[in-house]
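Here are the chains, one letter per residue:
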Amino acid sequence: TPSGYAFSFTSDPEAIHMMRKWEGGDPGVANQKTHTSLLLTPEGTFHSFGYTARDYYHDLDPEEARDWFYFEKFKMKIHSTSDLTMKTELEAVNGKKMQALEVFAHALRFFKQHAVQ
């Protein structure tokens, strides 16, 4: 379940601009989407998203990785859970849990900052 984004300006709403190349994908391939992977520090602050998050997490020493929050394919949780609430939690690959609202907020903030940049 990869993620991507597109945007338009109110001055010309018919002109849609789409993010067309993500760093860190397969060499020589232009990816319009990136992995839906979010990496947060052991303190729970944003570190990276997408290919960057995937690569950084997998390069961590296994002992150190236990302290980080690494979420993969977390968008699927909203499709597979019939009783979503403001308290719904997501589980990182190492078993650590965090509120889904916080995980999605980090991802949306990343996309906003990426688009503005």
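Residues numbered from 1 in each chain as written. Predicted model: local features only at pLDDT ≥ 70, side-chain atom pairs only at ≥ 80, totals over all residues. Heavy atoms only, no water.

Per an unreviewed UniProt entry, the chain goes by Heat shock 70 kDa protein 12B and derives from Colius striatus.

Asker: Lay out the confidence of the model for the chain in plain terms, naming residues and giving numbers.
Answerer: Chain-level pLDDT for the chain is 89 on average; 94% of the residues reach the 70-or-more range. Ranking the elements of the chain by mean pLDDT puts helix α3 (residues 77-80) last, at 79, and strand β3 (residues 37-40) first, at 97. (pLDDT = per-residue confidence, 0-100. Helix = DSSP H or I, 4+ residues; strand = E, 2+ residues; numbered from the N terminus.)

Asker: Describe the environment of lysine 112, with residues and values.
Answerer: Looking at the secondary structure, you find lysine 112 in helix α4 (residues 100-116). Its relative accessible area of 58% is what places lysine 112 among the exposed residues. Distance in space between the C-alpha atoms of lysine 112 and threonine 34 is 15 Å, their sequence separation being 78 residues. (Buried < 20%, exposed > 50% of the residue type's maximum accessible area, 1.4 Å probe, protein only.)

Asker: Account for the side chain of serine 3, with residues named and values stated.
Answerer: The topology assignment puts serine 3 in the segment before β1 (6-9). Residue serine 3 is classed as buried on the basis of its relative accessible area of 6%. Within the local environment of serine 3, its side chain forms a polar contact with the side chain of lysine 75, the two groups lying 3.2 Å apart. Setting aside residues no more than four positions away along its own chain, serine 3 makes contact with Trp22, Lys33, Thr34, Thr36, Phe49, Lys75 and Phe111. (Polar contact = N/O pair within 3.5 Å; in protein donor to acceptor, adjacent residues only side chain to side chain. Contact = heavy atoms within 4.5 Å.)

Asker: I'd like a rundown of the layout of surface pockets, residues and numbers included.
Answerer: The computed volume of the largest pocket comes to approximately 180 Å³. Forming the walls of the largest pocket are Met19, Lys21, Trp22, Glu23, Thr34, Ser48, Phe49, Gly50, Tyr51, Thr52, Phe110 and His114. When contributions to the lining of the largest pocket are tallied by element, the ones reaching two or more residues are β4 (46-49), α1 (51-59) and α4. Looking at the lining of the largest pocket, its residues break down into five nonpolar, five polar and two charged. (1 Å grid on protein atoms, 1.4 Å probe; cavity = no way out; pocket = protein on both sides within 12 Å on 5 of 7 lines; lining within 4 Å. Points joined across faces, edges and corners; volume = space filled by probe spheres on them. Nonpolar A, V, L, I, M, F, W, Y, C, P; charged D, E, K, R; others polar.)

Asker: Let's hear about the environment of serine 48: which residues, and what values?
Answerer: By the secondary structure assignment, serine 48 is in strand β4. For the pair formed by serine 48 and tyrosine 70, sequence separation is 22 residues and the distance between their alpha carbons is 9.7 Å. Among the polar contacts listed, one links the side chain of serine 48 to the side chain of histidine 47, at a separation of 2.9 Å.

Asker: Which residues make up the environment of isoleucine 16, and what values go with them?
Answerer: Considering the arrangement of structural elements, one finds isoleucine 16 in strand β2 (residues 12-18). Isoleucine 16 sits in the exposed class, given a relative accessible area of 61%. Remark: the alpha-carbon pair of isoleucine 16 and alanine 6, spanning ten residues in sequence, is separated by 6.6 Å. Once you skip the residues sitting within four places of it in the chain, isoleucine 16 turns out to touch Ala6, Phe7 and Ser8.

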